[in-house]
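This is what each chain is made of:
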Amino acid sequence: MSIMTDEDFMRRAIDLSLLGVESGGGPFGAVIVRAGSVVAEGSNRVVPTADPTAHAEIVAIRQACAQLDTHTLEGATIYTSCEPCPMCLGAIWWARIGRIVYGNSREDASSIGFDDAAIYEEVAAPIERRRLPMRQMLADETKKAFDAWLLKADRIPY
């Protein structure tokens with residue numbers, strides 16, 4: 001039995017990116033590995049599923065969490081055919097994946113029409129300068145759920 005390397009897992013992510021193209025999705029693939037074994041895989045399914053969140057990384061994270069029956073993937077590595085977009089990077093952080101290995105850069109993605117620059121700029125801008133209007137309201141009322149969370153003795157932090 002041979003030990004799989006970063007290159008082996010990345011080549012699988014590349015295969016999945018090609019599968020994404022062949023199956024009507026975008027050219028992106030991802031593999032999640034923990035303790036040297038593949039836990040989950042994903043290819044971009046945005047168009048076939050009519051789900052703008054069905055990026056390869058998100059598909060793989062959802063599958064890994066379901067497979068392992070947990071909301072955290074500590075100790076895992078995600079191999080992805082492209083540098084994760086802001087949404088996927090956020091999901092990777094929330095899943096507590098410990099390492100990202102990627103192929104194409106965000107500049108490479110931009111060159112074929114997948115440009116996330118506006119999202120990066122939007123996130124970095126102060127709320128009052130964002131292009132997508134945001135309005136805070138009913139903060140006192142919405143805080144009730146946060147207070148209830150803090151009082152919940154059996155809460156599971158994430």
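To start, this report covers the structure provided alongside it. Note that the structure is a prediction, hence the values are computed from the model and not measured. (Residues numbered from 1 in each chain as written. Predicted model: local features only at pLDDT ≥ 70, side-chain atom pairs only at ≥ 80, totals over all residues. Heavy atoms only, no water.)

**A closer look at the overall build of the protein**
Part 1 of the argument: Within the protein, the regular secondary structure consists of seven helices and four strands.
Part 2 of the argument: Overall, the protein shows an N-to-C arrangement of helices and strands of α-β-β-α-α-β-α-β-α-α-α.
Part 3 of the argument: Taken over the C-alpha atoms alone, the protein extends approximately 55 × 40 × 25 Å along its principal axes.
Part 4 of the argument: Looking at the protein residue by residue over its 158 residues, the buried ones come to 32%.
Part 5 of the argument: Considering only intrachain contacts with a sequence separation of at least 6, the fraction spanning at least 24 residues in the protein is 47%.
Part 6 of the argument: Accessible surface for the protein amounts to roughly 10500 Å². Of this, 58% is attributable to carbon and sulfur atoms. (Helix = DSSP H or I, 4+ residues; strand = E, 2+ residues; numbered from the N terminus. Buried < 20%, exposed > 50% of the residue type's maximum accessible area, 1.4 Å probe, protein only. Contact = heavy atoms within 4.5 Å. Areas by Shrake-Rupley, 256 points an atom, 1.4 Å probe, with all protein chains shown as cover.)

**Some points on the sheet that holds strand E4 (residues 99–104)**
Part 1 of the argument: If you trace the four strands from one edge of the open sheet to the other, you get E2-E1-E3-E4, paired in mixed fashion. Both edges of this open sheet fall to strand E2 (37–43) and E4, since each of them pairs with a single strand only. Across the sheet, the mean angle from the axis of one strand to that of its neighbour is 15°, orientation sign disregarded.
Part 2 of the argument: Packed on one face of the sheet, helix H3 (residues 56–68) meets strand E1 (29–34), E2 and strand E3 (76–82) and runs near 140° to E2. (Pairing = 2+ DSSP bridges. Axes fitted to C-alpha atoms, helices over the stretch in contact; angles between N-to-C directions.)

**Some details on a nonpolar patch on the surface**
Part 1 of the argument: Taken together, the side chains of Trp94, Trp149, Leu150 and Tyr158 make up a nonpolar region of the molecular surface, amounting to roughly 520 Å² of accessible area.
Part 2 of the argument: In this structure, tyrosine 158 sits in the segment after helix H7 (139–151).
Part 3 of the argument: Tyrosine 158 gets classed as exposed once you look at its relative accessible area, which sits at 58%. (Patch = residues over 30% accessible without salt bridge, like charges linked within 9 Å, V, L, I, M, F, W, Y side chains within 5 Å. Salt bridge = Lys/Arg side-chain N within 4 Å of Asp/Glu carboxyl O.)

So far we have only geometry, and geometry alone does not tell us how the molecule works.
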